[in-house]
Amino acid sequence: MKFTAISLGFWLTNFLSGVRLTEGARILAMVAVPSYSHEIAFHPIWATLSRRGHQVVLFTTNPIDDPSLTNLTQIDFRHIYTQVNIFKKVDFAKLRFTHNWPSLVQDILEHNMQITVEEIFKHPKVRKLYAPNSGEKFDVVLAEIIGSHGLYALAHRFNAPLIGISSLPLQSGSYYHLGAPILSSHPSTWEMEYTTGFNLSLWGRIKNFFRLWRYIHYVLNHYMQRQQAIAEKYLGKGIPNVNEMEKNMSIMLVNQQEITMFVRPLPPNLIQFGGLHIMKNPAPLPNDLQQFLDDAPNGFIYVSLGTNVKMTSFPSYVLRAFYEVFASLPYKIVWKFNGQLPDKFDNIFTATWLPQQSILAHPNIKLFVYQGGLQSTQEAIHYAVPLLGIPMLSDQYSNVNRMVSLGVAKSLDITNFSVKKLNTSIMDILTDKRYKQRMLNVKVLSNDKPYDMLNHVIWWIEYVIRHRDVSHLHTSIKHDPWYERYDMDVIAVLSIATFVISVCSLVLMYKLLKITMKCFYTRKVINIKEKTT
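Since the structure is predicted, the reported quantities are computational estimates derived from the model, not experimental observations. Numbers given to residues run from 1 along each chain, matching the order in which its sequence is written. In keeping with the model being predicted, local features are shown solely for residues with a pLDDT of at least 70 and side-chain atom pairs are shown and tallied solely at 80 or more, while totals for entire chains, interfaces and linings include all residues. Side-chain numbers here rest on the full set of heavy atoms in the structure, without hydrogens or water.

**Looking at the layout of surface pockets**
- Residues are called lining when one of their atoms sits within 4 Å of a cavity or pocket point, these points coming from a 1 Å grid over the protein atoms alone, where a cavity is a set in which a 1.4 Å probe fits but cannot get out and a pocket is an open set with protein on both sides within 12 Å along at least five of seven lines. Grid points are joined across faces, edges and corners, and a volume is the space filled by probe spheres set on the points. For the second largest pocket, the calculated volume is near 620 Å³.
- If you trace the second largest pocket, you find 20 residues lining it, with Gly274, Gly275, Leu276, Ile278 and Met453 closest to the centre.
- Looking at the lining of the second largest pocket, the elements that each hand over two or more residues are helix 15 (374–382), helix 18 (434–447) and helix 19 (453–467).
- Going along the chain from the N terminus, every DSSP run of H or I of four or more residues is numbered as a helix, and every run of E of two or more is numbered as a strand. It is helix 15 that contributes the most residues to the lining of the second largest pocket, three residues altogether.
- Domain start and end points were adopted from an automatic or database domain assignment. Residue contributions to the lining of the second largest pocket reach at least three from each of two domains, namely domain 1 (22–277 + 451–479) and domain 2 (287–447).

**Let's talk about the sheet that holds strand 5 (residues 162–166)**
- At least two DSSP bridges between two strands are needed for those strands to be called paired. Reading across the sheet, the seven strands line up as 3-2-1-4-5-6-7 and stay open at both edges, with parallel pairing between neighbours. Strand pairing shows two members of the sheet lacking a second neighbour, strand 3 (72–76) and strand 7 (270–273), which therefore form its edges. Mean inter-strand twist for the sheet, computed between neighbouring axes without regard to direction, equals 20°.
- Pairing between strand 1 (residues 26–30) and strand 2 (residues 55–60): five bridges, direction parallel. From the neighbouring strand, Arg26 faces strand 2, where its bridge partner is Gln55.
- Any two residues whose heavy atoms approach within 4.5 Å at even a single point are treated as in contact. An axis is simply a line fitted to the C-alpha atoms; with a helix, the fit covers only the stretch in contact. Between two such axes, the angle follows the N-to-C directions and lies from 0 to 180 degrees. In this fold helix 19 packs onto strand 1, strand 4 (140–144), strand 5, strand 6 (251–255) and strand 7, with an angle of close to 155° to the strand it touches most, strand 7.

**Here's the deal with the nonpolar core**
- If you look at the biggest cluster of nonpolar residues, it comprises 102 residues, and the most contacted ones within it are Phe59, Ile301, Phe314, Phe322, Phe326, Trp335 and Ile426.
- With 12 residues, helix 10 (residues 202–235) is the largest single contributor of residues to this core.
- Filtering out sequence-adjacent residues up to four positions away, Phe322 remains in contact with Met311, Trp335, Ile390, Ile414, Phe417 and Leu422.
- Counting residues in hydrophobic clusters, the runner-up holds 35 residues, among them Leu58, Leu253, Leu454 and Val457. Only buried residues count toward a nonpolar core. Its members are Ala, Val, Leu, Ile, Met, Phe, Trp, Tyr and Cys residues joined through side-chain atoms within 4.5 Å. Relative accessible area decides the class of each residue, using a 1.4 Å probe on protein chains only: under 20% of the type maximum gives buried, over 50% gives exposed, and in between gives partly exposed.

**With respect to a nonpolar patch on the surface**
- A cluster of nonpolar residues, Leu202, Trp203, Ile206, Phe209, Phe210, Trp482, Tyr483 and Met488, forms a patch on the protein surface that exposes about 830 Å² of accessible area.
- Elements with a contribution of two residues or more to the nonpolar patch: helix 10 and helix 20 (482–485). In this scheme, patches are assembled from residues that exceed 30% relative accessible area and form no salt bridge. Like charges are connected within 9 Å, while nonpolar side chains (Val, Leu, Ile, Met, Phe, Trp, Tyr) are connected within 5 Å. Accessible surface is estimated by sampling points in the Shrake-Rupley manner with a 1.4 Å probe; for residues, cover comes only from the protein chains shown. We count a salt bridge whenever a side-chain nitrogen from Lys or Arg sits within 4 Å of a carboxyl oxygen from Asp or Glu.

**Topic: the confidence of the model for the protein**
- The quantity called pLDDT is the predictor's confidence in a given residue, expressed from 0 to 100. For the protein, mean pLDDT is 90; residues scoring 70 or higher make up 93% of the total.
- Note that residues 10–21 has pLDDT below 50 and, in this model, four contacts with residues that lie over four places away or in other chains.

**Comments concerning unusual backbone geometry**
- With phi around 55°, Ala384 is a residue other than glycine that occupies positive phi space.
- Looking at the secondary structure, you find Ala384 in the loop between helix 15 and strand 12 (387–389).
- What makes Ala384 buried here is its relative accessible area of 2%.
- The phi angle at Asp487 is positive, at roughly 55°, despite the residue not being glycine.
- Here Asp487 is to be found in the loop between helix 20 and helix 21 (488–532).

**Considerations on the packing of helix 15 against helix 18**
- In contact at an axis separation of 8 Å, helix 15 and helix 18 are set at 105° when each is read in the N-to-C sense. In terms of orientation, helix 15 and helix 18 fall into the roughly perpendicular class. Across from Ala380, Ile381 and His382 in helix 15, the residues of helix 18 making contact are Met439, Val442, Lys443 and Ser446.
- When residue character is reported, Ala, Val, Leu, Ile, Met, Phe, Trp, Tyr, Cys and Pro are called nonpolar, Asp, Glu, Lys and Arg charged, and the others, Gly included, polar. Residue composition of the contact of helix 15 with helix 18, by class: four nonpolar, two polar and one charged. With respect to orientation, any angle under 35 degrees is reported as roughly parallel, any angle over 145 as roughly antiparallel, any angle of 65 to 115 as roughly perpendicular, and every other angle as oblique.

**What about the domain arrangement of the protein?**
- As assigned here, the protein comprises domain 1 (22–277 + 451–479), domain 2 (287–447) and domain 3 (491–523).
- Distance from the C-alpha centre of domain 1 to the C-alpha centre of domain 2: 29 Å.
- Opposite the 31 residues of domain 1 that make contact, domain 2 presents 34 residues.
- If you look at where domain 1 meets domain 2, you find zero salt bridges.
- Under this definition, polar contacts are N or O atom pairs within 3.5 Å; protein pairs additionally need one hydrogen-donor-capable and one acceptor-capable atom, and for neighbouring residues in sequence, both atoms have to be side-chain atoms. Where domain 1 packs against domain 2, one counts 11 residue pairs in polar contact (both at pLDDT 80 or more).
- Counting only elements with at least two residues in the side of domain 1 that touches domain 2, the list comes to helix 2 (36–39), helix 5 (92–95) and helix 6 (101–121).
- For the side of domain 1 that touches domain 2, the leading source of residues is helix 5, giving three residues.
- Counted by class, the side of domain 1 that touches domain 2 contains 15 nonpolar, 10 polar and six charged residues.

Structure, rendered in structure tokens:
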């Protein structure tokens, strides 16, 4: 009986300890990119973790306005929008004509993200958290993978497992750290933007190979090392290298799904999710907009190029094409537009901000003209709205191309824009019912899952909290040098050996042929002499 009581006490203690670790964990979450469209992909995760009893400390530029989340402590970095104002100075509409993604990162975004990470490290509340005598402890740290690698060091400071989280599909540098293959010309490699695709020429693939590996080298050896310097400035020199910290992340939670991406090989510690931000019941529309959309006998087109693109920054010929086409269409237009129209158009409704999901849910919608943002793509699939994509930067090219490949969208290049191309693309989609039907089929595929996506994400976070060491999910390939991963040293040796053997064979053949010809010539001369004598 004594033995039974001791055993019961032992197992009960372990059980309660496990419950405490899972149900009442302390979680540090850091989202540094000051962009609302990036942050909303994560809001349901923080809210759900909080409601499950976890104590969540969140670094954010877009706080969740929900007083019921008593377990959520938010450190507010909205001043990055207003005081630092680094990203509002970036005119993405103009940059579309002058930069590609690698050059945009090197020329503009790197400097801006350095300022952002410094703002976080030097914030008084953050300093108080990581102070040597703070006594703060966390069971897991979640850090955004995009641009803010210096913040990884806080996981080391708190001796906690590190989980990466991304609102965009992964970049190749992160795939490299995971040990996943680097695919320089595959359309899922969105950093290459418009240069990827299937059946590319050899020369095109060679150019992509050099461009991508040069970019990866820059990110790993320059960008991330500058982030390392910022982390060391505030936490000291004893921290691991940020490259190694990303390699050793427990898992990566990435906002990408097979239906919205070109599928590629993925390691088991990359956990995909998507569409968490989509509302079950979109908010009611403002009265004036509701009336405008209800009174649309032919339906309406919704136009929005996202939160970071100012329509008025486009060249005048681009704006004139929009004005002319929209005014001539037999449909109403709802347009997210940051300026004043040159004239009054009865069929056009403009605003600087619009409730996108509420608009997409309206039964009269016929088409969504968008920039190819991932969250917008997920929303369009959920509400089964055909698409016309005008990609501007980053993953938007890949997202639009994927939708085109599924037969639910068309694509336009803003740098080669005209009235005819815009009008033809819109009318082709609206007059061909197959676009809508195919989008309905895509919606069915997207929704048919064996589990609830949000619960799936929460389970994986709690899995890391429970076990801490999840290295069994990692591939050893991530530790191999780049040339060993792809057997490039083997290929080089075999190529050199083949070349040497081929050259030696040719030289030998040449010498044998030369000897043979000499013998033949000598014999012929002897025969001639014998005949003459």
